[in-house]
Amino acid sequence: MAGLASSILSSLLLIAIEGRLNALNALLLGIVGLWLPALAFSLLQVFALNCEMMNFRRGLDNFSALLSLALPAYVLGYVAHLVGVKISAKELVIVGTSLATSLNALVNRYIAGRSIAITGAISALWPLSTLLAASTTLGVEVVELDYVKLLLAFFVMLLPAIAISKSIDRLSERLVGVKSKEAFRAYATNLFMGAREELESFFNSLGIDSTASCDLLFLLGPTGGVKDIVVVPQVHPGPFRNVGSSSLPSDIVQTLESSLGVNAIAFHGFVTHASDITSSEDYRNILEQVRRAALERLSPIIRAPSSPLVRVDVGGLSVGCQLIKGTPIVFVSGGEKGIDDVPESVRVGIERAVKEAYGVKPLLINAHNSYEEDPDIDLEGLEEGVLRAVEMAFRLSSFDPIKIGVGASRSADLSEVQGMGPSGVRVLITEFHGSRSCYVVVDANNASKGFREAARSAVKSMGYEECELFTTDNHAVVHLRGVRSGRGYYVLGEKTSVGALFSALKAAIIEAEKNLSEVDVAFKEVAVKARVLGDSAYKNIETLIYEAIRRFRDLGLAGYGLALISLLMLCGHV
């Protein structure tokens, strides 16, 4: 409908230029002269390219969007007409459809993965069919065929598309070793069709061989059996939805719960996209090794100190630590400042320092709960703050018993498009010396600062002395149809509210309170060989995406703007 409306609006401008402003004429020209030729060309292009990616439905969406993008050319032509440039309706039809043609060739180069020469040659049929249709429109004599101007407009408008393609190709070959059409086609195939093979192969070619690990803290009940499991994967969810470890948080929870029949709660570790597993085979392997480790015999840590939850402020961030039977549970949360991924090097340094000082390995958690675009985090100060929090927790610890309960719930009213992953809402409650703390984990990709504060306030109003919000950074909620956010997903607080989650949150807390009991713990680390994205490849891909968008925008505005003005001046005369 957007394309039809744009065609009719464009035809009004054409009729006005000819001095024949008539609603019926405009309607006929818009439908028969502009919209139907575009529709017919779209159908022809689908068959000519024979590409599953550009099927009939996407072809319709494509030509509708391009007709809308061509409208500014008609507006500019009409403005030129008003200031004295003598341009005819037939010349403006040539200019407008040539603009849409060039953009179409560019879009299909990346969607279909064909060369700009092939997509450009096919696209040339669009302005020709439009001229033929408009010239024979019943009762509307606004177009006479002019092949010279048609060819001139077509080639002039194609130049920006060629320049954009060549520029982004050189960038892509330098950064990732392949032409941009191959990289973007692989991404589009996964996005639109759910076929991950091309994209997985692309990421595997860039990745490195490494070790992927996962920390498991088993909470043992009075009889020594496992009652709950705390999971902190040292693997990042990603790189993209449907590829690699993108859905790790919910997958690992489902794997453990289906194998042991107990509640599992997954946190986001100190990891970046450099730790994305790129191979589906390696990803399945780590899930299987985690499952096997959970079924093996455990060696419980019976006599070890526990502590209340303590916090220190570090440059606008909040660092928390609680000892659970000698194991430091450490988290970094947003506060005045937002929080993003914490580099693996920080984790390694902290683990080494804590091991040397206390003889234990800490569970390092990134709360990932206060979205901010590129937050400036003092990593050296963060390490020092974590060590202060751990020291404080040990200083306040005792061998008194600690009670823990885990609960889970799923909000039926919230979808992945709104930012809610499959695992829903989970809570871990601790009680030490009569003081209760609540760890709220939502299977989502970050949250707004306002959402974090509202969630903490809601839980504290239920009688909890301490509360923190965590998200899993699940990439199953990223790049879904219906998401309009420029980042590709909605953080909690954009399409969700604490009120919408409250029933699920309350249900999870009630279940955790019912399960609250004294615990012993057992710790296991699972490590496997895996193909991961690596820091260099991640940075190169990130650079390619942002730089390609910038070049498309800058070259597109400059190139198409200059081409439009040049053609309007060449086709018309003052």
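Residues numbered from 1 in each chain as written. Predicted model: local features only at pLDDT ≥ 70, side-chain atom pairs only at ≥ 80, totals over all residues. Heavy atoms only, no water.

Caption draft 1: How the structure looks around the overall build of the chain. Within the chain one finds 16 helices and 13 strands. Each principal axis of the C-alpha distribution contributes one length, and for the chain these read about 95 × 45 × 40 Å. Sorting the 574 residues of the chain into buried and exposed places 57% on the buried side. One way to put it: in the chain the 52 positive side-chain charges average out to a point 3 Å from where the 59 negative ones average out. (Helix = DSSP H or I, 4+ residues; strand = E, 2+ residues; numbered from the N terminus. Buried < 20%, exposed > 50% of the residue type's maximum accessible area, 1.4 Å probe, protein only. Lys, Arg positive; Asp, Glu negative; His and termini not counted. Charge placed at Lys NZ, Arg CZ, Asp CG, Glu CD.)

Caption draft 2: Fine view of the nonpolar core. In terms of nonpolar packing, the biggest core is built from 51 residues, with Leu14, Met157 and Tyr560 touching the most fellow members. Breaking this core down by element, the ones donating at least two residues are helix H1 (2-18), helix H2 (23-49), helix H3 (56-82), helix H4 (89-112), helix H5 (116-123), helix H7 (147-176) and helix H16 (535-571). Looking at this core element by element, the count peaks at 12 residues for H4. Each residue touching Met157, except ones within four places of it in the same chain, is listed here: Val95, Ser98, Leu99, Ser102, Tyr560, Ala563, Leu564 and Leu567. Counting 28 residues, the second-largest nonpolar core is a separate cluster that includes Ile229, Leu256, Ala522 and Val526. (Core = buried A, V, L, I, M, F, W, Y, C linked by side-chain atoms within 4.5 Å. Contact = heavy atoms within 4.5 Å.)

Caption draft 3: Summary view of unusual backbone geometry. Omega for the bond connecting Gly238 with Pro239 falls within 30 degrees of zero, at 5 degrees, which places this linkage in the cis form. Within the element layout of this structure, Pro239 appears in the loop between strand E2 (226-233) and helix H10 (248-260). In the Ramachandran plot, Lys325 falls in the positive-phi region, its phi being about 50 degrees despite a non-glycine side chain. According to the relative accessible area criterion, Lys325 is buried, its value standing at 10%.

Caption draft 4: Inspection of the pattern of salt bridges at higher detail. Under the criterion given, the structure shown has 32 salt bridges. In this structure, the salt-bridge partner of Arg553 is Asp554, at a minimum N-O distance of 3.0 Å. One network of salt bridges, with partners in common, ties together Arg311, Arg452, Glu453, Arg456, Glu466 and Glu468. (Salt bridge = Lys/Arg side-chain N within 4 Å of Asp/Glu carboxyl O.)

Caption draft 5: How the structure looks around the sheet that holds strand E6 (residues 327-333). Strand order across the open sheet formed by 4 strands is E4-E5-E6-E7, with mixed pairing between neighbours. Two strands close off the open sheet at either side, each with one partner strand: strand E4 (310-314) and strand E7 (363-366). Shown here is a sheet whose adjacent strand axes are inclined to one another by a mean of 20 degrees, direction ignored. (Pairing = 2+ DSSP bridges. Axes fitted to C-alpha atoms, helices over the stretch in contact; angles between N-to-C directions.)

Caption draft 6: Up close: helix H11 (residues 280-295). Helix length check: H11, at 16 residues, gives a terminal C-alpha distance of 23 Å against a target of 22 Å (1.5 Å per residue), a fit within 8%. Every buried residue of H11 is accounted for by Ser280, Asp282, Tyr283, Ile286, Leu287, Val290, Ala293 and Ala294. Here the buried face of H11 lies against helix H9 (197-206), strand E1 (208-220), H10 and strand E13 (520-532). At the N-terminal boundary of H11, the capping side chain belongs to Ser279, with an oxygen 3.3 Å from the backbone nitrogen of Glu281. (Expected span 1.5 Å × (residues − 1). Polar contact = N/O pair within 3.5 Å; in protein donor to acceptor, adjacent residues only side chain to side chain.)

Caption draft 7: View of the packing of aromatic side chains. By the definition in use, this model includes 9 aromatic pairs. Their ring planes at 85 degrees and their centres at 5.8 Å tell us that Tyr110 and Phe184 sit as a pair that is edge-to-face. With Tyr110 in helix H4 and Phe184 in helix H8 (residues 180-193), the pair connects residues that are 74 residues apart, well separated along the chain. On the basis of relative accessibility, which here comes to 12%, the residue Tyr110 falls in the buried class. Each ring, one from Phe331 and one from Tyr439, has its centre 6.1 Å from the other, and the planes form 85 degrees; the classification is edge-to-face. Here Tyr439 lies in strand E10 (residues 435-442) and Phe331 lies in strand E6, a separation of 108 residues in the sequence. Pair check on accessibility: Phe331 and Tyr439 agree, each one buried. Chaining the aromatic ring pairs together yields one cluster made of Tyr187, Phe202, Phe203 and Phe240. Sitting over the ring of Tyr110, Arg109 keeps its end group 5.3 Å from the ring centre. Of note, Arg487 hangs over the ring of Tyr371, and the distance from its end group to the ring centre comes to 4.4 Å. (Phe/Tyr/Trp six-rings, centres within 6.5 Å; stacked < 30°, edge-to-face > 60°. Lys NZ or Arg CZ within 6 Å of the ring centre and 35° of its normal.)

Caption draft 8: Looking closely at the sheet that holds strand E11 (residues 466-471). Pairing is mixed in the open sheet, where 5 strands are placed in the order E11-E10-E9-E8-E12. The open sheet is flanked by E11 and strand E12 (517-518), the only strands paired with a single partner. As paired elements, strand E8 (residues 403-409) and strand E9 (residues 425-432) share 7 bridges and run antiparallel to each other. Note on E9: the bridge partner recorded for Val406 is Leu428. Sitting on the sheet, helix H14 (residues 449-460) touches E10 and E11, and the angle it makes with E11 is about 140 degrees.

Caption draft 9: Representation of the environment of Val226 in the model. Topologically, Val226 is positioned in strand E2. Val226 sits in the partly exposed class, given a relative accessible area of 23%. Residues Val226 and Leu298, 72 residues apart in the sequence, show an inter-C-alpha distance of 9.2 Å. Among all residues touching Val226, those that are not within four sequence positions of it are Phe218, Leu219, Leu220, Leu260, Val262 and Leu298.

Caption draft 10: The arrangement of the pairing of E6 in detail. Across the 7 residues of E6, 7 count as buried, placing the element largely inside the fold. Residues of E6 alternate between two faces, with Thr327, Ile329, Phe331 and Ser333 on one and Pro328, Val330 and Val332 on the opposite face, all of them buried. Of the pairings in the sheet, the one linking strand E5 (residues 317-324) to E6 comprises 7 bridges and is antiparallel in character. Bridging across to E6, Ile324 finds its partner in Thr327. Hairpin connection from E5 to E6: 2 residues lie between these consecutive antiparallel strands, with Lys325 at a positive phi of about 50 degrees. With 4 bridges connecting them, E6 and E7 associate as parallel partners. Each bridged residue has a counterpart across the sheet, and for Val330 the counterpart in E7 is Leu364. The parallel pair E6 and E7 is bridged by helix H12 (residues 344-358), and the resulting crossover is right-handed. (Right-handed = clockwise from strand over helix to strand, strands pointing away.)

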